Amino acid sequence: MKFYSLNKKAEDVSFKDAVIKGIAPDRGLYFPREIKPLPPAFFENIESLSDHEIASKTIEQFVRDSIPENKLKEIINNVLDFPFPVIELEKNVATLELFHGPTLAFKDVGARFMAQCLGYFSENENSEVTVLVATSGDTGGAVANGFLGVKGVKVVILYPSGKVSDIQERQLTTLGQNITALEVNGTFDDCQNMVKTAFLDPELKSAMQLTSANSINVARWLPQMFYFLFAFKQLKNKKLPIVFSVPSGNFGNICAGMVAQTLGMPVAHFIAATNVNDTVPHFMRTNEYAPKTSKATISNAMDVGDPSNFIRIRNLYKNNFTELKKDLSSYSFTDEETKQAMRSMYSSSNYIADPHGAVGYLGLKEYQKDAPDTYGVFLETAHPVKFLDVVEETLKLHLPIPSQIQKVLKKNKVSIKIDTYQGLKNYLLNR
Ligand SMILES: *Cc1c(COP(=O)(O)O)cnc(C)c1O
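It should be emphasised that the depicted structure is a prediction, and the values quoted were computed from it without experimental measurement.

K.L.:
Could you give an account of the overall build of the chain, naming the residues involved and the relevant values?
P.N.:
Scanning the chain from terminus to terminus reveals 20 helices and 13 strands. For 431 residues, the compact-globule formula gives about 22 Å, and the C-alpha radius of gyration of the chain, at 21 Å, lands near that figure. Principal axes of the C-alpha set define a box for the chain whose edges measure 60 × 50 × 40 Å. Among the 431 residues that make up the chain, the fraction classed as buried is 59%. Counting every atom, the chain has about 17900 Å² of accessible surface; 48% of that belongs to carbon and sulfur. The chain carries 47 positive and 47 negative side-chain charges, and their two centres are separated by 2 Å.

Written as structure tokens, this is what we have:
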């Protein structure tokens, strides 16, 4: 399968080249040329398949030209070694927990899949690939962990000094091996600008193969389809139409769900739930896309004013707004509403949700007001302990720290401090 640039001014590439390049030379996002639906029997008999088989069969057409079948099996075995349970909280309301991976973030699957692919692609190259990533907290930990020990790939993570939580900082700075953490004296935006500058720097470009590991990379984006299929497998016997509510920031996760629907998975509707960064809810009301600067909220992994993957969703619907509206609704919620939802889930179902999951729950409840005869699943994208302060303060309780986190809390932080872009460049050229 070939991938083309959504800006349409670059050549089609293989899966391998799309992964290595990250973004097309014309700055467009890569998108599959065609998406061939799976046979109906695949969905009818899905409960007879293992998660590994489901994953192989859904992603196979996208990677076939670059990864042989037995290698794909091995990659999937390495990526999927934890559960994705669906838990019913209320009548016709369930949560799909995506936080049982090594860093307790749903990004673990995409980060691990991309790491395994890049590792495989660099096996036969003599040059090493350097992955450069800026993080405001959650992405960095998942990427660092996913790439740890992958041969032929070096990872350099930039994070804003003093602006990530203690747990998040430990997840970035205690791994060693092929992972280096650069502690930037500045904000997340400064980190991101440095990364962007590096990708355009001709001196760096000629000295090394740089790539990024954010959700615009097809190897991070596409494997997120698996979540929706794993949920469908668990819910297939429900008599009602299934709807998914996805807490959304850059809209990569929900877009992958919509690709699963394109493959033929029976889903009645998608709900994109956002915090006050409401560019997409505004678009779904007005058909006008007006990006904004992002506002800080308690669900900070979704503080995005110009969601990079939304263009992929519009493209999936050939920019037909009327058709898109049939499958997608979008609502935005304030921090106060989010906290209220956390309290109400805790008191009525004894369920502790993190702020991102709570936004997903709110979106689902809003949609079901007009569509009560649906079975709703909201995605819980982070373990509540990742957002410890807000959860403990809102629910007035004390959360036990899971063992994965206790382990990193005992390790020593190692970081290199930098102040300016020149600091990053010197590090990359002289390491
Ligand atoms: C990244 C992230 C999201 C948003 O996912 P997108 O694919 O960017 O929409 C939601 N919740 C958590 C906890 C995240 O880390």
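K.L.:
I'd love a proper account of the site of the ligand, names of residues and values included.
P.N.:
In the neighbourhood of the ligand, 15 residues make up the surrounding shell, with Lys107, Gly249, Asn250, Phe251 and Thr381 lying closest. The backbone of Asn250 places a nitrogen or oxygen atom 2.8 Å from an oxygen atom of the ligand. Contacts to the ligand include Asn253, whose backbone N or O atom sits 3.0 Å from an oxygen atom. Relative to its free-state accessible area of 380 Å², the ligand is covered by the protein chains to the extent of 96%. The class makeup of the residues in the shell around the ligand is six nonpolar, seven polar and two charged.

K.L.:
Describe the packing of aromatic side chains, with residues and values.
P.N.:
What characterises a pair of aromatic rings is the spacing of the ring centres plus the angle enclosed by the ring planes. Tallied over the entire structure, the rule returns 21 aromatic pairs. Taking 6.1 Å as the distance between ring centres and 70° as the angle between the ring planes, the aromatic pair formed by Phe106 and Tyr227 counts as edge-to-face. Within this pair, whereas Phe106 is found in the loop between strand S4 (93-97) and helix H5 (107-122), its partner Tyr227 is found in helix H11 (residues 225-235), the two being separated by 121 residues in sequence. On the basis of relative accessibility, which here comes to 11%, the residue Phe106 falls in the buried class. Feature note: the residues Phe82, Phe84, Phe106, Phe226, Tyr227 and Phe230 constitute an aromatic cluster, connected by ring pairs.

K.L.:
Before we move on, can you summarise the sheet that holds strand S12 (residues 375-380) with the specific residues and values?
P.N.:
Spatially, the six strands line up as an open sheet ordered S3-S4-S12-S9-S10-S11, and their pairing is mixed. Each end of this open sheet is capped by a strand with a single partner; those strands are strand S3 (86-90) and strand S11 (328-332). If you compare each strand with its neighbour and ignore which way they point, the axes differ by 25° on average. Sheet topology places strand S10 (residues 269-274) next to S11; five bridges connect them, and they run parallel. Opposite Ala272, over in S11, you have Ser330 as the bridge partner. Helix-sheet contacts for helix H16 (residues 335-349) involve S3, S11 and S12, and the interaxial angle to S3 is about 90°. Of the strands in this sheet, S3, S4, strand S9 (242-247), S10, S11 and S12 touch helix H17 (residues 355-370), which is tilted by about 160° from S12.

K.L.:
Tell me what's going on with helix H4 (residues 69-79), and back it up with residues and numbers.
P.N.:
The set of residues buried in H4 consists of Lys71, Leu72, Ile75, Ile76 and Val79. Projected onto a plane normal to the axis of H4, the buried residues spread over an arc of 135° and lie on a single side. In this structure, the buried side of H4 is in contact with helix H3 (51-63) and H5.

K.L.:
Before we move on, can you summarise the pairing of S4 with the specific residues and values?
P.N.:
Most of S4 is tucked away, with five of its five residues classed as buried. The two faces of S4 match: Val93, Thr95 and Glu97 on one face and Ala94 and Leu96 on the other face are all buried. Examined bridge by bridge, S3 and S4 share four bridges and lie antiparallel to one another. Bridged to Ile87 within S4 is Thr95. In textbook terms, the turn of a hairpin is the stretch between consecutive antiparallel strands, and for S3 and S4 this stretch comprises two residues, one of which, Asn92, has a positive phi near 65°. Relative to S12, S4 runs parallel, the two being bridged by five bridges.

Reading guide: rules and limits
Residues numbered from 1 in each chain as written. Predicted model: local features only at pLDDT ≥ 70, side-chain atom pairs only at ≥ 80, totals over all residues. Heavy atoms only, no water. Helix = DSSP H or I, 4+ residues; strand = E, 2+ residues; numbered from the N terminus. Rg over C-alpha atoms; globule rule 2.2 N^0.38 Å. Buried < 20%, exposed > 50% of the residue type's maximum accessible area, 1.4 Å probe, protein only. Areas by Shrake-Rupley, 256 points an atom, 1.4 Å probe, with all protein chains shown as cover. Lys, Arg positive; Asp, Glu negative; His and termini not counted. Charge placed at Lys NZ, Arg CZ, Asp CG, Glu CD. Near = heavy atom within 4 Å. Polar contact = N/O pair within 3.5 Å; in protein donor to acceptor, adjacent residues only side chain to side chain. Nonpolar A, V, L, I, M, F, W, Y, C, P; charged D, E, K, R; others polar. Phe/Tyr/Trp six-rings, centres within 6.5 Å; stacked < 30°, edge-to-face > 60°. Pairing = 2+ DSSP bridges. Axes fitted to C-alpha atoms, helices over the stretch in contact; angles between N-to-C directions. Contact = heavy atoms within 4.5 Å. Arc of directions from axis to C-beta.

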